[in-house]
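A look at the structure
Take a look at the letters that make up each chain.
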Amino acid sequence: MWDIIVVGAGAAGLMTAICAAREGARVLMLDGAARVGAKILMSGGTRCNVTNRRVSEKDYESEAKRSVRNILRAFSSERAVEFFKELGVELVLEPGGKYFPRTHSARTVLEALLRETKRLGVVLETDRKATGIQKRGEVFFVSGAHFKYESKTVVITTGGMSHPSTGSDGSGYKIAEALGHRLVPMFPALTPLLTEDKDLKALAGISLDARLSLCQDRKKKIAFEGGFLFTHFGFSGPTALNISRHWFLAQKENRAAAIELNFLPQEDEAAFSKHLDTLAAQAPIRLVKNFLFAKLPARLAELVLEKSQISERRAVAQFSRLERTTLVRNLFHFPLPVSGVYGYQKAEVTAGGVPLEEIDDTTMESRRLRGLYFAGEILDADGRIGGFNFQWSWSTGCLAGRAARAFSLALAKSGEGKILN
Ligand SMILES: Cc1cc2nc3c(=O)[nH]c(=O)nc-3n(C[C@H](O)[C@H](O)[C@H](O)COP(=O)(O)OP(=O)(O)OC[C@H]3O[C@@H](n4cnc5c(N)ncnc54)[C@H](O)[C@@H]3O)c2cc1C
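The structure presented is a predicted model; accordingly, all values stated were derived computationally and were not measured.

A few words now on the environment of Pro95. Take Pro95: it is sitting in the loop between β5 (91-94) and β6 (98-101). Between the C-alpha atom of Pro95 and that of Phe235, which follows or precedes it by 140 residues, the distance is 22 Å.

As structure tokens, this is what we get:
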């Protein structure tokens, strides 16, 4: 009988196994995929944004932000940086507080985690997709096609449903439900936005720094600033990915929401408008187009003029007040025509999942079934871009691994049955 079976050998599963095995537990890790760590390898543009310098519950969405805070405090990003240093992975800081491995390779991270599990004697079995988990008496049975294992505790770290080809196909949610858990409705998060606008699709490949705001009832609900990318299907880049869950949720709940794009987030709108006025006096024959070329990629500047119905040959001095107002509005409050989100195929994470109110946030143990634990993306918490989702896996994984070890030890010491419900 195993002390702990970890179902799913992604970021959270590997962390769980390491933290449990370091305390002396006998750990079996099962993964349905033939090769583990696919998401670590594809993360951060294959560079793996491991964590962030500043992490708090404000960087996440969840029904239970207080639990998110408690969990992140129990295993902070400083601890994660230290942990990887111990494994020989030096992390370097990049703008936005993002930590990446000095090697710029996600493989360094995956290999270090796998090396540590091996050193600690964790047994990893691939091509072992769990389809059922039952508890009879004090024993857990984890089964799938052609296998059945027994264990004192089980940690479910099966991830979400994004990029299902990696092995994270959502089967863990069904198992959690069968074990008595409710699920906060799931939907794709950190996913690109779609558009039907042919003119905007034609800008595919252009990237810039921008600010996206979600507006409802003429009020700004949330805004993100940073990289923005036009693609042949719509919009991507960190700002588009970050705002996607908020737009999706608003549509789902029938709350009319619009996304506004500010092409010049570093500039002050009033000052910009005034500058156009003074330019009309100082350089009256300068083309508006040329003025915009200094601010934006040429093709984009042309499109903004076209959408503002301003001729490319218009000189600054010929500008009517209405044209000036329209141009400024389109530069600072461009109504982004979004028709949908790309969905799980391109989502970085899954929002929703096992509710944290059903989990003890000091141990990650289920409040429904003793000896059962959860960690990682399967839980109801999703972070924004910046290393926050991996941090969630490290924090929850470490808590779950240690607590599951303590539980299995207590079970052995006090005699089975005594400490159980
Ligand atoms: C393209 C992309 C880029 C990303 N970049 C970053 C980044 O730079 N920084 C960041 O913080 N986050 C990033 N993320 C998010 C991050 O990868 C996830 O938050 C993280 O991998 C979640 O870890 P996890 O262990 O919970 O789940 P996963 O990594 O999804 O691992 C789950 C594992 O469980 C296995 N499994 C599933 N069901 C079963 C079953 N029934 N039986 C057995 N095994 C099962 C799967 O095969 C998989 O190996 C990115 C995600 C994507 C898709």
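The subject of this paragraph is unusual backbone geometry. At His104, a residue that is not glycine, the phi angle is positive and equals roughly 60°. Examined against the element boundaries, His104 turns out to sit in the loop between β6 and α5 (106-119). Even without being glycine, His146 reaches a positive phi, approximately 65°. Note on placement: His146 falls in the loop between β9 (139-144) and β10 (147-156). For His146, a relative accessible area of 83% puts it in the exposed group.

Around the ligand lies a shell of 37 residues, among which Ala12, Asp31, Ser168, Glu377 and Phe390 are the nearest. Contact distances for the ligand include 3.1 Å between an oxygen atom and a backbone N or O atom of Ala11. Within the contact set of the ligand, a nitrogen atom lies 2.9 Å away from a backbone nitrogen or oxygen of Ala130. Within the complex, 95% of the 990 Å² of free accessible area of the ligand lies under protein. Breaking the shell around the ligand down by element, the ones donating at least two residues are α1 (11-22), α2 (38-46) and α13 (388-414).

A separate point is the sheet that holds strand β18 (residues 340-341). With respect to topology, seven strands assemble into an open sheet ordered β17-β16-β13-β14-β15-β12-β18, the strand pairing being antiparallel. Every other strand in the sheet has two partners, leaving β17 (334-336) and β18 as the edge strands with one partner each. As paired elements, strand β16 (residues 257-262) and β17 share three bridges and run antiparallel to each other. Residue pairing across strands places Glu260 opposite Pro335, the latter belonging to β17. Its contacts with the sheet put helix α8 (residues 238-252) on β12 (193-194), β13 (207-216), β14 (219-230), β15 (234-236), β16 and β18, and the angle it makes with β14 is roughly 140°.

All right, on to the packing of α1 against α13 then. Here α1 crosses α13 at 35°, and the two axes come no closer than 7 Å. As for how α1 packs across α13, the hand of that crossing is right-handed. Here Ala11, Ala12, Met15, Thr16, Cys19 and Ala20 of α1 come into contact with α13, specifically with Phe390, Ser393, Trp394, Gly397, Cys398, Ala400, Gly401, Arg402 and Arg405. When its residues are assigned to classes, the contact of α1 with α13 shows nine nonpolar, four polar and two charged.

As a further point, take the nonpolar core. Among the nonpolar cores identified, the biggest contains 81 residues, and Phe84, Leu113 and Trp394 are the most heavily contacted of them. Among the elements that line this core, the one with the most residues is α13, at 11 residues. Apart from the residues lying within four places of it in its own chain, the contact partners of Leu113 are Leu14, Ile18, Ile40, Phe83, Phe84, Leu87 and Trp394.

For the coordinates displayed, the defined rule picks out 14 aromatic pairs. Aromatic pair Phe272 and Phe332: ring centres 5.4 Å apart, planes at 70°, arrangement edge-to-face. Of this pair, Phe272 sits in helix α9 (residues 269-282) while Phe332 sits in helix α12 (residues 321-332), and the two are 60 residues apart along the sequence. No difference in accessibility class separates Phe272 from Phe332, as the two residues are buried. Here Phe390 and Trp394 contribute two aromatic rings whose centre-to-centre distance is 5.6 Å and whose plane-to-plane angle is 15°, an arrangement assigned as stacked. In this pair, Phe390 and Trp394 both sit in helix α13, four residues apart, roughly one turn of the helix.

Before going further, it helps to spend a moment on the domain arrangement of the protein. Partitioning the protein into domains gives domain 1 (2-188 + 348-414) and domain 2 (192-342). Placing the centre of domain 1 and that of domain 2 at their C-alpha centroids yields a distance of 40 Å. Taken together, the contact pairs nine residues of domain 1 with 10 residues of domain 2. Around 780 Å² of area is buried between domain 1 and domain 2 when both sides are counted, 67% of it from carbon and sulfur atoms. Area buried by domain 1 at its contact with domain 2 is led by Glu61, Phe187 and Ile385, which between them contribute 60% of it. One can count one salt bridge joining domain 1 with domain 2. The residue Asp382 makes a salt bridge to Arg245 at a minimum N-O spacing of 2.7 Å.

Here strand β2 (residues 27-30) shows two buried faces, one formed by Val27 and Met29 and the other by Leu28 and Leu30. Direction of pairing for strand β1 (residues 2-7) relative to β2: parallel, over a ladder of four bridges. Each residue of the ladder has a partner; that of Val7, found in β2, is Leu30. As for the winding sense of the linkage, the β-α-β connection from β1 through α1 to β2 is right-handed. Direction of pairing for β2 relative to strand β7 (residues 123-125): parallel, over a ladder of three bridges.

Rules of the game
- Residues numbered from 1 in each chain as written.
- Predicted model: local features only at pLDDT ≥ 70, side-chain atom pairs only at ≥ 80, totals over all residues.
- Heavy atoms only, no water.
- Helix = DSSP H or I, 4+ residues; strand = E, 2+ residues; numbered from the N terminus.
- Buried < 20%, exposed > 50% of the residue type's maximum accessible area, 1.4 Å probe, protein only.
- Near = heavy atom within 4 Å.
- Polar contact = N/O pair within 3.5 Å; in protein donor to acceptor, adjacent residues only side chain to side chain.
- Areas by Shrake-Rupley, 256 points an atom, 1.4 Å probe, with all protein chains shown as cover.
- Pairing = 2+ DSSP bridges.
- Contact = heavy atoms within 4.5 Å.
- Axes fitted to C-alpha atoms, helices over the stretch in contact; angles between N-to-C directions.
- Left-handed = near helix turned anticlockwise from the far one by under 90°.
- Nonpolar A, V, L, I, M, F, W, Y, C, P; charged D, E, K, R; others polar.
- Core = buried A, V, L, I, M, F, W, Y, C linked by side-chain atoms within 4.5 Å.
- Phe/Tyr/Trp six-rings, centres within 6.5 Å; stacked < 30°, edge-to-face > 60°.
- Domains from an automatic or database assignment.
- Buried area = accessible area lost by both parts, 1.4 Å probe.
- Salt bridge = Lys/Arg side-chain N within 4 Å of Asp/Glu carboxyl O.
- Right-handed = clockwise from strand over helix to strand, strands pointing away.

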